[in-house]
Amino acid sequence: MLEKETAWPRVDVFEKSAVELLAYMEKGELTSLELTAWYLHRIMVYDGLLNAMINLNEKVLEQAKECDRLRKEGKGGPLCGLPIVVKDNMPT
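Presented here is a report on the structure given in the accompanying data block. In this text the structure is predicted, and so the values were computed from the model without any measurement.

1. Regarding the packing of aromatic side chains
In step 1: If you walk through the whole model with that rule in mind, you get two aromatic pairs.
In step 2: Measuring from centroid to centroid gives 6.5 Å for F14 and W38, while their planes differ by 75°, and the two rings are edge-to-face. Of this pair, F14 sits in the segment before α1 (18-26) while W38 sits in helix α2 (residues 32-50), and the two are 24 residues apart along the sequence.
In step 3: Classification of W38 as buried rests on a relative accessible area of 18%.
In step 4: Measuring from centroid to centroid gives 5.1 Å for W38 and Y39, while their planes differ by 70°, and the two rings are edge-to-face.
In step 5: The exposure class assigned to Y39 is partly exposed, which follows from its relative accessible area of 28%.

Here it is in structure tokens:
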């Protein structure tokens with residue numbers, strides 16, 4: 001899923017709020033692709049121990065690239081490009 005050429009975040013994203021991450025993106029200091037790759041890497045490292053993830057979106061990196069494109073064009077919603085995790089313990 002992760003490509004070798006995927007860049008890592010240029011800013012510290014560990015334990016940052018959604019507001020802080022979106023601010024980095026708005027300033028051009030962080031891309032959705034960088035952030036998404038960072039989270040995927042952490043999932044690969046820790047999920048073997050935690051077994052917390054049931055499914056991952058196989059198109060997440062493509063969607064991150066699309067949100068980066070939309071952001072550059074001044075389009076997309078305010079949360080476009082911000083990865084999320086949906087807990088499965090809530091009835092939907």
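There is more to say, and it comes next.
2. A closer look at the pattern of salt bridges
In step 1: Taken as a whole and assessed by the stated rule, the structure comprises six salt bridges.
In step 2: Of the charged contacts, one joins E34 and R10 as a salt bridge, the two residues approaching to 3.1 Å between their closest N and O atoms. One end of the pair, E34, is in helix α2; the other, R10, is in the segment before α1, with 24 residues separating them in the sequence.
In step 3: Under the relative-accessibility criterion, E34 is labelled buried at 6%.
In step 4: On the basis of relative accessibility, which here comes to 53%, the residue R10 falls in the exposed class.
In step 5: We note a salt bridge from R69 to E73, for which the minimum N-O separation is 2.8 Å.
In step 6: Residue R69 is classed as partly exposed on the basis of its relative accessible area of 36%.
In step 7: Linked by salt bridges that have partners in common, E66, R69, E73 and K75 make up one network.

3. Considering the side chain of T36
In step 1: For T36, the position within the fold is in helix α2.
In step 2: With sequence-adjacent residues up to four places away left out, T36 is seen in contact with V60, L61, A64 and P83.

4. Remarks on the packing of α2 against helix α3 (residues 60-72)
In step 1: For the pair α2 and α3, interaxial distance at closest approach is 8 Å and the crossing angle is 155°. Taken as axis vectors, α2 and α3 run roughly antiparallel relative to one another. Where α2 crosses over α3, the two elements pack in a sense that is right-handed. Contacts from S32, L33, T36, A37 and L40 in α2 reach V60, L61, A64, K65, C67 and D68 in α3.
In step 2: Looking at the contact of α2 with α3 residue by residue, the class counts come to seven nonpolar, two polar and two charged.

Conventions and cut-offs
Residues numbered from 1 in each chain as written. Predicted model: local features only at pLDDT ≥ 70, side-chain atom pairs only at ≥ 80, totals over all residues. Heavy atoms only, no water. Phe/Tyr/Trp six-rings, centres within 6.5 Å; stacked < 30°, edge-to-face > 60°. Helix = DSSP H or I, 4+ residues; strand = E, 2+ residues; numbered from the N terminus. Buried < 20%, exposed > 50% of the residue type's maximum accessible area, 1.4 Å probe, protein only. Salt bridge = Lys/Arg side-chain N within 4 Å of Asp/Glu carboxyl O. Contact = heavy atoms within 4.5 Å. Axes fitted to C-alpha atoms, helices over the stretch in contact; angles between N-to-C directions. Parallel < 35°, antiparallel > 145°, perpendicular 65-115°, else oblique. Left-handed = near helix turned anticlockwise from the far one by under 90°. Nonpolar A, V, L, I, M, F, W, Y, C, P; charged D, E, K, R; others polar.

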